[in-house]
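The primary structure of each chain is shown beneath.
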Amino acid sequence: MKKKLSVLLVLAMMAGLSACGSTKDETPTVTDVTEATTEATTAATEAATEAATEATEATSEAASEEVTVAASEEATEAGDATVSSDPNAYAGNYAESVAGRGQMTVSLDEVDPNSGMYFVTVDWSSSAFETSSWNFSGMFDENGVMDYSNCIKTTTVYDEDGNTEGPVQDYEAGTGKLTFTDGSFTWQDDQENVGQDATFVKY
């Protein structure tokens, strides 16, 4: 009987130890908790980093687009400030406003209209038998002023029957200034001051 009880006691103790072992195995250890916390923290950090990177890239792209648009607008404004919307703005026929004896023709370069180069001819009759011509070229600045240094002056004399031996060159490399203001020109001729106080209006 005692032997049987001893066996039962041993079996009971073994069962208890087995149960305790099972319980111990199922209980999370400090290491398990630490590893789980580390994994969760790492996952959260990676997610936050990825979101921040995407936000930074989106912001950079938006900023880049804004800079590009701004640069394009500035370039357009700069172009508008230096190039007239009408490349033929100064071209046309003009007459001296007082006596009408002076005629001016301003022509845009036909070979390269985008060059901004203009050719100018001024014809001025001092009498019924004598006409002088000034031919020069240049570019107008942003203030509508052309400074030239290539003027060639010629004079043509006619007889009573209207005959002439042709123009005679008076000088070359003449200098002067042509100024465009409110749709009309003023002309400064440095050699003979022919255009003093004269205004040429378009017709």
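For the structure, check the block above.
Residues numbered from 1 in each chain as written. Predicted model: local features only at pLDDT ≥ 70, side-chain atom pairs only at ≥ 80, totals over all residues. Heavy atoms only, no water.

Visitor: Is there a simple way to think about the overall build of the protein in this case?
Guide: In terms of helices and strands, the protein carries two helices and eight strands. Put simply, the protein runs from its N terminus to its C terminus through helices and strands in the order α-α-β-β-β-β-β-β-β-β. Restricting the contact set of the protein to residue pairs at least 6 apart, pairs at least 24 apart contribute 39%. Carbon together with sulfur atoms contributes 55% to the accessible area of the protein, which is approximately 14000 Å² in total. (Helix = DSSP H or I, 4+ residues; strand = E, 2+ residues; numbered from the N terminus. Contact = heavy atoms within 4.5 Å. Areas by Shrake-Rupley, 256 points an atom, 1.4 Å probe, with all protein chains shown as cover.)

Visitor: Would you take a moment to explain the sheet that holds strand S3 (residues 117-127) for this structure?
Guide: Strands pair in a sheet through their backbones, by hydrogen bonds, and they do so in one of two ways: parallel or antiparallel. Strands sit in the order S1-S2-S3-S4-S5-S6-S7-S8 around a closed barrel of eight strands; the barrel is antiparallel. The mean angle between the axes of side-by-side strands here comes to 30°, regardless of whether they run parallel or antiparallel. Judged from the seven bridges that link them, strand S2 (residues 102-108) and S3 form a sheet pairing that is antiparallel. Across the sheet, methionine 104 pairs through a bridge with valine 122, a residue of S3. (Pairing = 2+ DSSP bridges. Axes fitted to C-alpha atoms, helices over the stretch in contact; angles between N-to-C directions.)

Visitor: I tried to follow the packing of aromatic side chains on my own but got confused; where do I start?
Guide: Each aromatic ring pair is specified by the distance between its two centres and by the angle formed by the two planes. Taken as a whole and assessed by the stated rule, the structure comprises 11 aromatic pairs. For the ring pair tyrosine 90 and tyrosine 118, a centre distance of 5.5 Å and an interplane angle of 80° mean the geometry is edge-to-face. Of this pair, tyrosine 90 sits in the loop between helix H2 (30-82) and strand S1 (92-96) while tyrosine 118 sits in strand S3, placing them 28 residues apart in sequence. Side by side, tyrosine 90 and tyrosine 118 carry an identical accessibility label, which is buried. (Phe/Tyr/Trp six-rings, centres within 6.5 Å; stacked < 30°, edge-to-face > 60°. Buried < 20%, exposed > 50% of the residue type's maximum accessible area, 1.4 Å probe, protein only.)

Visitor: Explain the pairing of S3 to me, please; I cannot follow it from the model alone.
Guide: Taken residue by residue, a regular strand's side chains alternate between the two faces of the sheet. When S3 meets strand S4 (residues 130-139), the two strands line up antiparallel, connected through 10 bridges. Note that in S4 the partner of phenylalanine 119 across the bridge is serine 137. Taken together, S3 and the strand that follows it, S4, pair antiparallel across an intervening segment of two residues.

Visitor: Honestly, the nonpolar core in this entry has me stumped. Any pointers?
Guide: Ranked by size, the top nonpolar core spans 22 residues in total, and within it Met104, Val122, Phe136, Leu178, Phe185, Trp187 and Phe200 carry the most contacts. Where this core is concerned, the elements lending two or more residues are S2, S3, S4, strand S5 (145-157), strand S6 (168-181) and strand S7 (184-189). Here the element with the most residues in this core is S3; it accounts for four residues. (Core = buried A, V, L, I, M, F, W, Y, C linked by side-chain atoms within 4.5 Å.)

Visitor: So what exactly am I meant to see when it comes to the side chain of serine 184 here?
Guide: With respect to the secondary-structure elements, serine 184 resides in strand S7. Excluding residues within four positions of it along the chain, serine 184 makes contact with Thr179, Thr199, Phe200 and Val201.

Visitor: Help me out: how do you make sense of the pairing of S6 in this one?
Guide: Where S5 meets S6, eight bridges bridge the pair, whose relative direction is antiparallel. The residue of S6 that forms the bridge with threonine 155 is valine 168. Here S6 runs beside S7; their pairing, made up of six bridges, is antiparallel. Directly across from glycine 176, in S7, lies its bridge partner aspartate 189.

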